[in-house]
Amino acid sequence: MEMPTPSQNVLNRKPELVKRLLSVLPRDAVIDHEAETKAYECDALSAYRCPPLAAVLPRTTEEISAILKICNEMQVPVVPRGSGTSLSGGALPTADSVILGVARMNAVLETNYPDRYIKVQSGRTNLSVTGAVEVDGFFYAPDPSSQLACAIAGNIAMNSGGAHCLKYGVTSNNLLGVKFVTMQGDIIEIGGPYLDAEGLDLLGLICGSEGQLGIVTEATLRILPKPEGALPVLIGFDKNETAGACVADIVKAGVLPVAIEFMDSPCIKATEAFAGAGYPLCEALLIIEVEGSKAEIDEQLEKIITIARKHDPVELREAKDEDEANRIWLGRKSAFGAMGQLNDYMCLDGTIPVTQLPYVLRRMNELSEEFGLKVGNVFHAGDGNLHPLILYDANKPGDLQTCEAFGAEILKLCVEVGGCLTGEHGVGIEKRDLMHVQFEPVDLEAQMQIKDVFDPNWLMNPAKVFPLSSSADRRNASSAMG
Ligand SMILES: Cc1cc2nc3c(=O)[nH]c(=O)nc-3n(C[C@H](O)[C@H](O)[C@H](O)COP(=O)(O)OP(=O)(O)OC[C@H]3O[C@@H](n4cnc5c(N)ncnc54)[C@H](O)[C@@H]3O)c2cc1C
């Protein structure tokens, strides 16, 4: 993975930078010792590593404003970081950058049940947002599988989704407002605790902008009353394609389950060995969850089961109680960890039209043979969001490069069938150089002009999202100033 050469000028000025950061932050908020900066050398795309020049852990929006003013004046790149669970290298530092981590900013600022919103500092973890309101019967809908660890900051930057987003939408559908600090240190409020804020839709621009435009410090999020009940059903098939066809039929029939999750045989085997969720060892599994009142659940399940039976399932298991429901989800939620026990893996993230599932799964198996690397699939099938997990051996020379090439072919396949390069993990560095496959130069230019407005010197989250060749002139102009 190519990264730009760090600015020697910035590296040389580290002592001055640290001194200035310490003038606006307490000692424990500035990490500049080489051994300690290694803790920030990567995110969950751990194949790529680079310790930053320093890391800062502010506690307030005002501290963030002061940090950014210093970095802007000294022309030092800044890499925003939530919990570092990005699977696309979105929070990967460069050697001349400062990591700005919001993990200490995790307070609940306001809860309003009549108007159904919660306001939190952006470092709060996803699951603990629901944790703050569930006692009163509410929840925050977007549920990435990493929800125990990932922060709302990262969720907003990546426009994250999760298993239940089929019904409730992704982060952008549940975000009402943000407090945001520009690279120049200006603090601005965008949106608020009401639907459809006035003015230009800057919230739509910020959500999914991958830390390219500024730092989100607070978020106002929509919360929903918990449904009366929910039940998953587990359906096993002897072929991936059959499971894919079943998903397409369910969606076509107009049934809207809250989640349709898919796992193939390598993932099922790994998950069973790891979590013992009681899954049948078949070729493909669907976990389909419906929710509502008992009557609504029964009606939806009946329709789903009727469709599934037409595809000759080898297993059809309705959860009888909460315990069984939890076991069904335990396997799905453990799948990534289970695959990680087998070997190193790279988790891809692309989106396809649901009707293309059978073809894409078949083609992916052919590519797996061609590249000689195994691939496991666990993904949000209901909205066509694939997560192929390519297994490789980081210690075997050339394996990472083969894995990257294989991954690139899968993502190109997604675009070829009418989908796109990313579903919910973002572009980061992982898909940066494939943006040419999805966008014409004129489209990329329009996107880069937006960045020019917010971050004229291209200091925010360098070397992500835009192909290096497309952004070279802008980055070079910036480093000439640094
Ligand atoms: C096991 C596992 C399962 C996962 N499952 C899912 C899933 O189901 N759905 C899903 O969508 N994702 C999933 N992910 C990916 C990841 O958890 C999400 O992308 C998540 O939103 C990242 O949040 P984070 O706080 O860890 O962000 P980080 O990794 O720290 O950063 C992610 C991006 O956000 C930017 N950023 C961070 N903080 C800020 C800020 N304050 N202001 C502006 N930009 C900022 C960073 O620069 C970076 O570009 C999974 C990851 C793992 C490891």
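Rules behind the numbers
Residues numbered from 1 in each chain as written. Predicted model: local features only at pLDDT ≥ 70, side-chain atom pairs only at ≥ 80, totals over all residues. Domains from an automatic or database assignment. Contact = placed C-beta atoms within 7 Å. Nonpolar A, V, L, I, M, F, W, Y, C, P; charged D, E, K, R; others polar. Near = placed C-beta within 6 Å. Helix = DSSP H or I, 4+ residues; strand = E, 2+ residues; numbered from the N terminus. Pairing = 2+ DSSP bridges. Axes fitted to C-alpha atoms, helices over the stretch in contact; angles between N-to-C directions. Buried ≥ 20, exposed ≤ 12 C-beta atoms within 10 Å, placed from the backbone.

## Digging into the domain arrangement of the chain
Annotation of the chain at the domain level lists domain 1 (108-225) and domain 2 (229-428). One C-alpha centre belongs to domain 1, the other to domain 2; they are set 27 Å apart. Contact with domain 1, which involves twelve residues of that partner, is made by 18 residues of domain 2. Partitioning the side of domain 1 that touches domain 2 into residue classes produces five nonpolar, five polar and two charged.

## Section: the site of the ligand
Around the ligand sit 36 residues in total, of which Gly 82, Gly 90, Gly 154, Ala 157 and Gly 211 are the nearest. Counting residues per element, the ones that place at least two in the shell around the ligand are β3 (78-81), α6 (152-158) and β10 (215-222). With five residues, the single largest contributor to the shell around the ligand is α6. Tallied by class, residues from the shell around the ligand come to 15 nonpolar, 17 polar and four charged. Residue-level mapping places the shell around the ligand at the junction of two domains, with at least three residues from each of domain 1 (108-225) and domain 2 (229-428).

## Brief notes about the sheet that holds strand β2 (residues 54-56)
Across the sheet, which stays open at both edges, the four strands sit in the order β1-β2-β4-β3 with mixed pairing between neighbours. Both edges of this open sheet fall to β1 (30-31) and β3, since each of them pairs with a single strand only. Note that β2 and strand β4 (residues 98-101) share three bridges and pair parallel. The residue bridging Ala 54 from the neighbouring strand is Val 98, located in β4. Across the sheet, helix α2 (residues 14-22) touches β1 and β2, and the angle it forms with β2 is around 10 degrees.

## Structural notes on the environment of Tyr 279
Here Tyr 279 is to be found in the loop between α10 (265-275) and β14 (284-292). Look at Tyr 279 and you get buried, because 24 C-beta atoms sit within 10 Å. Sequence spacing of Tyr 279 and Gln 449 is 170 residues, and the spatial spacing of their C-alpha atoms is 50 Å. Beyond its immediate stretch of four places on either side in the chain, Tyr 279 contacts Ile 268, Thr 271, Glu 272, Leu 285 and Gly 331.

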